[in-house]
Amino acid sequence: MKDHSPKSTSRRSFIKSSALTTTGLMIVPRHVLGGPGFVAPSDKVNIALVGAGGRGTENLRELLKLDDVQVTAIADPAEYWDLNRFYYHSVAGRKPAKDIAEAHYEAKTPNFKVAEYVDFREMLEKESSLDAILCATPDHTHAYISLMAMKAGKHVYCEKPLTHNIWEAREVAKVAKETGLATQMGNQLHSSQNLRQTVEYLRAEAIGKISEIHVWVGATRWTAGLQGVPTIKDTLPAGFDWDQWIGTREMRDFNHAYAPVSWRDFWDFGCGAMGDFGCHDLDAPVWGLDLPAPESVVMYPAGYSDENIIPYGEIGYFHFPGNKKQSPVKLTWYSGGLKPQIPEGLPKDLTLSGRGALYIGEKGMMLYQGGAPRPRLFPEELDVSFQLKKTTLNPSNGHHRDWVDAMKGGAKASSHFEYGAHLTEITLLGVLSLRLGGKAIQWDAENMKVKGLPEADVIIREPVRKGWEM
């Protein structure tokens, strides 16, 4: 059983220091020489799932594919989630997730049992053998859970967006850096070959310096007719702890509009299409061009929205400053079915898919449409003649695999929290403009302030409920 207490960590640091200053007479096992929470390559990694809804269950199935991983505990406020009316088309929650895990391990370990908790904090206290947690809860509790787990010495994988507000993103990045634990944000497309191919094309300047980018997704609101917060108190589902689900937010009556899944429609819990897809679809331009924080952002809502409710769609403009490698970039974001106009120079019969990105550069244009093996270059002669002479990215063995390997002394997972927080912050600046009613933001990244808009402060760092302070 592993001990990740501060006392134990100090002891490991002392042994490591002592070993490195001897003349070679002391032989120290590799796991002693590892970083915080290091897991020996031959050891099984004990992971807890925090959040066993639709996305949590999908993550669980990915973890079960890894032979050196054991899911030993599950925490979720709900015993069961009926997700059949959503795209998951399944039943999720603590009990179904526990059944899936135990059935998987039964073949090799008869009577294998997964510990079950309503409150993940109780799990952290009692499950001393845990090496890591995977957080797949609604957005508003991502930061709280990640910070609690890292401060308890656990490696963390957290779904995207990494946090619900910008202050949380900065704090999570800071603690991840301080602890040196293995982290990974759950924007799984980051580890896909097609997204990485786009990054390589950008780094190779396949179409020269980029000046303009258009990114679009089809995502929209879950509940079409929503015109405000629910006013009716619904009966709580059996086995559901509403107080635990609300977490950092102020208490309110339960309504089925909030949970499951459709919580994304409310600013208190989700971040709309921008927050849901930004960490996927802004990833290639941010990673490939090494984009810093934008200087300015403005995002306009499409369809009804207010201070509580997300819009049906959005169109927004990010202006990124230039750097030594890249000239200034204007990025336009579309959601809810909105798409860019097809510019001159692309085939007249081209149809844009429901999700994609168009890059405009000195030499031509680059189009990536969802699911394609690689981007296409225009004019077509450029697509035929261009050859990627070298690659800059190490191959990924899989988004979850890379995270587990990082725990065992391998390279950092490539969407670690320092990068994930930066990408999330860019995404959340779009959300911030939307939540301010489409106001233009002049961003002072150094001071984490919107110039001339003090009303933004309460969204940059949101208040939390007593007992859930970070």
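Predicted model, so just to flag it, every value in this text is computed and none were measured.

Geometrically, a pair of aromatic rings is defined through the distance of the ring centres and the angle of the planes. Considering all chains together, one arrives at 18 aromatic pairs under this definition. On the basis of an interplanar angle of 45° and a centroid distance of 4.5 Å, the ring pair of Tyr105 and Phe112 is categorised as tilted. You'll find Tyr105 and Phe112 in the same group, each marked buried. Geometrically, the ring pair formed by Trp245 and Phe269 is edge-to-face, given 5.0 Å between the ring centres and 65° between the ring planes. With Trp245 in helix H9 (residues 242–246) and Phe269 in the loop between H9 and helix H10 (272–281), this residue pair connects regions lying 24 residues apart in the sequence.

Nonpolar side chains tend toward joint burial in soluble globular proteins. Formed by 87 residues in total, the largest nonpolar core has its most connected members in Met123, Ile133, Trp333 and Leu432. The dominant element in this core, judged by the number of residues it contributes, is helix H14 (residues 417–435), at 10 residues. Sequence-distant contacts of Leu432, that is, excluding residues within four places in its chain, are made with Ile166, Ile441, Val450, Ala456, Ile459 and Ile460. Counting residues in hydrophobic clusters, the runner-up holds 26 residues, among them Leu64, Val71, Ala97 and Met407.

Turning next to the side chain of Arg401. Inspection of the secondary structure puts Arg401 in helix H13 (residues 399–407). Judged by relative accessible area, which is 18%, Arg401 ranks as buried. Ignoring anything within four residues of it in the chain, the contact list for Arg401 reads Leu66 and Asp68.

For the bond from Lys160 to Pro161, the omega torsion is -15°, close enough to zero to count as cis. As for its placement among the helices and strands, Pro161 is situated in the loop between strand S7 (155–159) and helix H7 (166–179). The peptide bond linking Ala259 to Pro260 adopts the cis configuration, its omega dihedral lying at 0°. Despite not being glycine, Val261 has its phi angle at roughly 65°, a positive value. With respect to the helices and strands, Val261 occurs in the loop between H9 and H10.

Here the focus is the sheet that holds strand S16 (residues 441–444). Spatial strand order, S15-S14-S13-S9-S12-S11-S10-S16-S17: nine strands in an open sheet with mixed pairing. In this open sheet, the two strands that pair with only one neighbour each are strand S15 (376–378) and strand S17 (449–450).

The subject of this paragraph is the sheet that holds S7. Within the open sheet, the six strands sit side by side as S5-S2-S1-S6-S7-S8. Their pairing is parallel. Bordering the open sheet on either side are strand S5 (115–117) and strand S8 (183–186), each of which pairs with just one other strand. Averaged over all adjacent pairs, the angle separating strand axes in this sheet is 20°, with direction ignored. Where strand S6 (residues 132–135) meets S7, four bridges bridge the pair, whose relative direction is parallel. The residue of S7 that forms the bridge with Ala132 is His155.

Taken as a whole and judged by the stated rule, the model has 28 salt bridges. Among the ionic pairs, Asp276 bridges to Lys160, the shortest N-O distance being 2.5 Å. Residue Asp276 is found in helix H10, and its partner Lys160 is found in the loop between S7 and H7; the two are separated by 116 residues along the sequence. Grouping residues by exposure puts Asp276 and Lys160 together as buried.

On to the environment of Ala97. The residue Ala97 is located in helix H4 (residues 94–106) in this model. For Ala97, a relative accessible area of 1% puts it in the buried group. Distance in space between the C-alpha atoms of Ala97 and Arg61 is 9.3 Å, their sequence separation being 36 residues. Among residues more than four places away in sequence, those in contact with Ala97 are Ala52, Leu60 and Ile74.

Looking now at the environment of Phe38. Among the secondary structure elements, Phe38 is positioned in the loop between helix H2 (30–33) and strand S1 (45–50). Among the residues examined, Phe38 registers a relative accessible area of 12% and is labelled buried. Residues Phe38 and Val261 lie 223 residues apart in sequence; the distance between their C-alpha atoms is 35 Å.

Buried residues dominate H14, accounting for 17 of its 19 residues. Within two residues after H14, Gly437 carries a phi angle of roughly 80°, on the positive side.

Parameters at a glance
Per chain, residues are indexed from 1 in the order of the written sequence. In keeping with the predicted nature of the model, local features appear solely for residues at pLDDT of at least 70, side-chain atom pairs appear and are counted solely at 80 or more, and the whole-chain, interface and lining totals rest on all residues. Just so you know, side-chain values use all the structure's heavy atoms and leave hydrogens and water out. Note on aromatic contacts: the rings of Phe and Tyr and the six-membered ring of Trp form a pair at centre separations within 6.5 Å, being stacked when their planes are under 30 degrees apart, edge-to-face when over 60 apart, and tilted otherwise. The buried label goes to any residue with under 20% of its type's maximum accessible area, the exposed label to any with over 50%, and the partly exposed label to all in between, with areas taken from a 1.4 Å probe on protein chains only. Helical segments are the DSSP runs of H or I of at least four residues, strand segments are the runs of E of at least two, and each set is numbered from the N terminus. Joining through side-chain atoms within 4.5 Å is the link that ties buried Ala, Val, Leu, Ile, Met, Phe, Trp, Tyr and Cys residues into a set, and such a set is a nonpolar core. Throughout, a contact is declared for two residues whenever any of their heavy atoms are within 4.5 Å. Paired strands, in this sense, are two strands between which DSSP finds at least two bridges. Comment: axis = line fitted to C-alpha atoms, over the contacting stretch for helices; angle = value between 0 and 180 degrees taken between N-to-C directions. What makes a salt bridge here is a side-chain nitrogen of Lys or Arg within 4 Å of a carboxyl oxygen of Asp or Glu, nothing more.

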